[in-house]
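Structure assessment
In case you want the letters, here they are:
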Amino acid sequence: MRSHKKIPATMALLSLTLILVMGFAAVCQAGPKPKPQTIKAIMVGDRLVDLAYNMGVLPEYMSVRGSMWPMAKTLKTASQIVGCPNCIVKKRPSTLPDLITKKDVKRVIIEKSANFCLYTKANPMNVVPLIKDTDATIEYVDFSKGVVPAIRQLAALLNIEEKGEKLIDSYQKAYQNVEKGLPKAGFGKKVVILNGVYSKGTGKTFLSVEAPGGYADQYLLAPLGCTNAGTAFRPPSGAVSRGMYRIRNIKGLLKAQPDAIVITGDAWAVQAAISKEIATTPELGSIAALKNAAVFTLPRYIDGSVIEYPAIFTQWKTALSF
């Protein structure tokens, strides 16, 4: 493993800025996908919409975890988010029936998953009782047997079997590369995942820390032999909101002593907080993650972007392998 020289706090912040800029540039270089075909349908479930999008199709309306699933921000420009599966069942149960009757949307495709969301009680299948007496056609895509069978099932429903097989081929190759690239000995890093939110309307920033036991642990940190040091930010009440501890400052880093800091969400909100805290609490500069400029802007993963997972995992692996 490559060693790192001690870097003064000011240099660490400069390195952090460069890391953020380079990360943004890498995302921009990926290039846009061709515009998807929009079909008159409602799709319920992140994974379902993700598969459809990667086969070049989007529904007119979708019910997904819009506030948590990073891809929702991109896809909502082409497909209208009508609420998360939990919201349209418990808070606005008339949403789907109204779309079916008033917007004449007669096709509803629903994701079946063993455990749709770790952070909420959302379940796409709960919409069925609300629409079973309408004249809409209800179809299902079962993810319980894995991503590949689900791709084939959805491709058949959309009559795009050839695109489905191409997606399966590319997905399997990417996933196999991930499995081959797993470190035999874990990286052994302590990691804190800071999520930022910036409000354009008010100019305010909000911070949270990913709590241990969530998607990042299961799909990213554990396979890489790393641990989530976010417990240091756990509030006295132990309250967790959608997998996050809400925080007002980042002084918990002194207790966590992470080897690496991962930034998700709005990077600037976290970067500004780090800059502010180091100015008032200089001892933060002695933390290994900041001293060694091991601060990385990476995509959040909540097991919705199943096709993008191999690429996301590779980004995390590359960042944490320093």
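In case you missed it, the structure is sitting above this.
The text that follows walks through the structure, step by step, so that each part is easy to find. (Residues numbered from 1 in each chain as written. Predicted model: local features only at pLDDT ≥ 70, side-chain atom pairs only at ≥ 80, totals over all residues. Heavy atoms only, no water.)

Regarding the nonpolar core
Formed by 62 residues in total, the largest nonpolar core has its most connected members in L51, L154, W316 and L320. It is helix 7 (residues 147-158) that provides the largest number of residues to this core, a total of seven residues. Among the nonpolar cores identified, the runner-up in size contains 25 residues, and A229, A273, I278 and L284 belong to it. (Core = buried A, V, L, I, M, F, W, Y, C linked by side-chain atoms within 4.5 Å. Buried < 20%, exposed > 50% of the residue type's maximum accessible area, 1.4 Å probe, protein only. Helix = DSSP H or I, 4+ residues; strand = E, 2+ residues; numbered from the N terminus.)

Here's the deal with the packing of helix 8 (residues 161-180) against helix 13 (residues 309-320)
It is the contact of helix 8 with helix 13, at a shortest axis distance of 9 Å, that shows an interaxial angle of 25 degrees. Taken together, helix 8 and helix 13 sit at an angle that is classed as roughly parallel. The chirality of how helix 8 crosses helix 13 is left-handed. Residues Y171, A174, Y175 and V178 of helix 8 form the contact with helix 13, whose participating residues are Y309, P310, F313 and T314. (Axes fitted to C-alpha atoms, helices over the stretch in contact; angles between N-to-C directions. Parallel < 35°, antiparallel > 145°, perpendicular 65-115°, else oblique. Left-handed = near helix turned anticlockwise from the far one by under 90°. Contact = heavy atoms within 4.5 Å.)

Overview of the layout of surface pockets
Its boundaries defined by the atoms lining it, the second largest pocket holds a volume of some 280 Å³. Lining the second largest pocket are 15 residues, and of these R47, F143, V147, Y219 and D303 lie nearest its centre. The residue makeup of the lining of the second largest pocket, split by class, is nine nonpolar, four polar and two charged. (1 Å grid on protein atoms, 1.4 Å probe; cavity = no way out; pocket = protein on both sides within 12 Å on 5 of 7 lines; lining within 4 Å. Points joined across faces, edges and corners; volume = space filled by probe spheres on them. Nonpolar A, V, L, I, M, F, W, Y, C, P; charged D, E, K, R; others polar.)

Re unusual backbone geometry
Generally, phi is negative for residues other than glycine and the peptide bonds are trans, each holding for most cases. Of note, A293 is a non-glycine position whose phi angle comes to about 55 degrees, a positive value. Locating A293 in the fold gives a position in the loop between helix 12 (288-291) and strand 11 (295-297). In this structure, D303 is a non-glycine residue whose phi angle is positive, near 60 degrees. Classification of D303 by relative accessible area gives buried; the value is 11%.

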